[in-house]
Each structure stands twice: as structure tokens, then as C-alpha cells.
Amino acid sequence: MILMRICPREFKYTVFLSFDLDAESAEVYMKRDPVSMSFGRYSVKIGVKKILEVLGDHGLKVTFFTPGWVVEKYSDVVGSILGDGHEVALHGYLHEKLDQLELEEELLVFKKSISAFERILDFKPKGFRAPYWRFSGNTLNILFEEGFLYDSSLMDDEKPYILEHNGRKIVELPVDWRLDDWPHLEIHRLPPKMLLEMWMEELDYAARNNGFLSLTMHPSCISRGARIRVLTRILGVLEETEAWTPKGCDLASRIIELLGK
Ligand SMILES: [Zn+2]
């Protein structure tokens, strides 16, 4: 069955807004230098506050994908995200490259991360996004075993779908590098207005086709200085163009409602 339209009738199209709150987890894992670590730490010191304020101005509830280590170390910041009604979903333990781990090591990553969520936040995460969007050959099986509702790491579609494997199902909320702030702003160092222009084009295309768009942002990247205006402008456009902007867990539940039977 082909999914033509996801959003409820009162909206025109669907946009999945998500933030990958890595803090300095990747740098700790790679044993990087203090300055590199401070770059990631900006997100928990400054970035999240700026983003929560902008989201609050627009009354939006979104999803933050967060490593288990960040949940442990910055439980106050993660608590402020949950306190504002957003979803916190899983993003590795220390931002590992899962494809470089043996099965036992990967199982331990999931065990430690889920335990951090249960111990500190008092819930098991429903959603998962692989750090660097890299799966191992075992990742999908582990997601099924752990009973995740959805994943958001694959790039083979422009709309959410249900992934079936050995009779088991998980919702996939697909992503794409062009819809991620990191390569544009941190690798290619594009001016924010160029990113805005690219994403406006994508929003327009999705709106005109009653389609779907998944935007991935990083608090250590999109909130720095004037870049926050990219987010502010986009949220304004989402409002003007009647976009449905659900949290990942709510979007996944709707996909099951529409396609799951
Ligand atoms: Zn990440």
C-alpha cells in the first residue's frame, strides 16, 4: 500500500522536526582534545535553551535524539526538554559508530543506554536514531528485540513507512543528508541564508504535494549566533503553510494507524 497523505485533514503536509543532542559524547568516545569537547558542550550550555525558547514561541513539540551518556551527564538539560513536552529518543550511548562494533559491544551500547533512560528519566525510549546514521548488520534485529516503535536513520524513501523483518514491524521515519544542518553548516561552512534557501525550496515542494519532510538539526550547530534565525524563519513558514509537525512517537503511531493493518 502506498501512503499518499500522512497529515490529518486540517493540515496540508507533514514535517518531522528533530534535534540530535550529542553534547560532547562523540568527542569523549574518540578521546578528542578539550577544545573539540567544548564545541559539543555548547549545545547543553547555550544551544538547547535558545531552541526551546523558539519552539515555545511557536507552541511546537518535537523530538530530541539523545545518547544515554548525555542523559546521565546532563539530566537537568534533558529534564528541561521533557518538561516542555518534547520527546527524548535514543541516539547510542557515547555516539558510537555501530557498524564498527562487534555484536556483544553493540548489545552493551543498547543495554547501557536504555538503562540510563529507565533509571534517570523513568521511561524506555520509543524511537531510535543511529549516530552518524550508521547501522551494523545487527542493529535492526536489536531494535526489534528491544521493541522500538520507530527508527529514523535510513535514506531509502521520502515518506515514512513500515519496515518488516521476519514478521516483525518497525516504523521508519527516513532522513537525508541534504536535510541535515551539519554537513551544510559545519563541513561545507555555508552561510545560514543558503541553508535557509535550500530548505525553503524543500518545504515548498513538500507543501505543494501534501508530502513529508524530515529536518535534522543539532543544537551545537543550528543555534550558534545568527544561525538560530534559520530555525525561527522555518517555524514561521511551517505555521503559515499549515504544516503538521508531530513528535516522532506520534508520527509513528499515525503511520501504524494508516498502514499497520
Ligand atoms: Zn548525533
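Scroll up for the structure.
Described in the following lines is the structure provided in the data block. Bear in mind the structure is a predicted one, so any value in this text is a computation, not a measurement.

### Some remarks on the pairing of strand 1 (residues 13-20)
Consecutive side chains along a regular strand alternate between the two faces of the sheet.
Working step 1: The buried fraction of strand 1 amounts to 8 of the 8 residues, a majority that puts the element mostly inside the structure.
Working step 2: Burial along strand 1 is two-sided: Tyr13, Val15, Leu17 and Phe19 and Thr14, Phe16, Ser18 and Asp20, pointing in opposite directions, are all buried.
Working step 3: Examined bridge by bridge, strand 1 and strand 8 (residues 212-217) share 6 bridges and lie parallel to one another. Residue pairing for strand 8: phenylalanine 19 is matched across the bridge by methionine 217.
Working step 4: In this structure, strand 1 lies alongside strand 2 (residues 63-66), joined through 3 bridges in parallel fashion. When the sheet's bridge partners are listed, serine 18 is paired in strand 2 with threonine 63.

### What about the coordination of the zinc ion?
Working step 1: Taken together, the protein ligands of the zinc ion are Asp22 (OD), Asp22 (OD), His91 (NE2) and His95 (NE2), with distances of 2.1 to 2.6 Å.
Working step 2: Geometry at the zinc ion is irregular, judged from the 4 donor atoms that bind it and their angles of 52 to 136° at the metal.
Working step 3: One chain supplies every donor to the zinc ion, and in sequence these donors are spaced D-x68-H-x3-H. Of the two residues, aspartate 22 is situated in the loop between strand 1 and helix 1 (25-29) and histidine 91 in the loop between strand 3 (87-90) and helix 5 (103-121); the sequence distance between them amounts to 69 residues.
Working step 4: Accessibility expressed as a relative area gives 12% for aspartate 22, which makes it buried.
Working step 5: Under the relative-accessibility criterion, histidine 91 is labelled buried at 1%.

### Focus: the environment of arginine 9
Working step 1: By the element assignment, arginine 9 lies in the segment before strand 1.
Working step 2: Judged by its relative accessible area of 70%, arginine 9 falls in the exposed class.
Working step 3: Between the alpha carbons of arginine 9 and tryptophan 244 there is a distance of 9.9 Å; along the sequence they are 235 residues apart.

Calculation rules
Residues numbered from 1 in each chain as written. Predicted model: local features only at pLDDT ≥ 70, side-chain atom pairs only at ≥ 80, totals over all residues. Heavy atoms only, no water. Buried < 20%, exposed > 50% of the residue type's maximum accessible area, 1.4 Å probe, protein only. Helix = DSSP H or I, 4+ residues; strand = E, 2+ residues; numbered from the N terminus. Pairing = 2+ DSSP bridges. Donors = N, O, S within 2.8 Å, 3.2 Å for Na, K, Ca; no water. Tetrahedral: all angles 85-135°; square planar, octahedral: opposite > 155°, others 65-115°.

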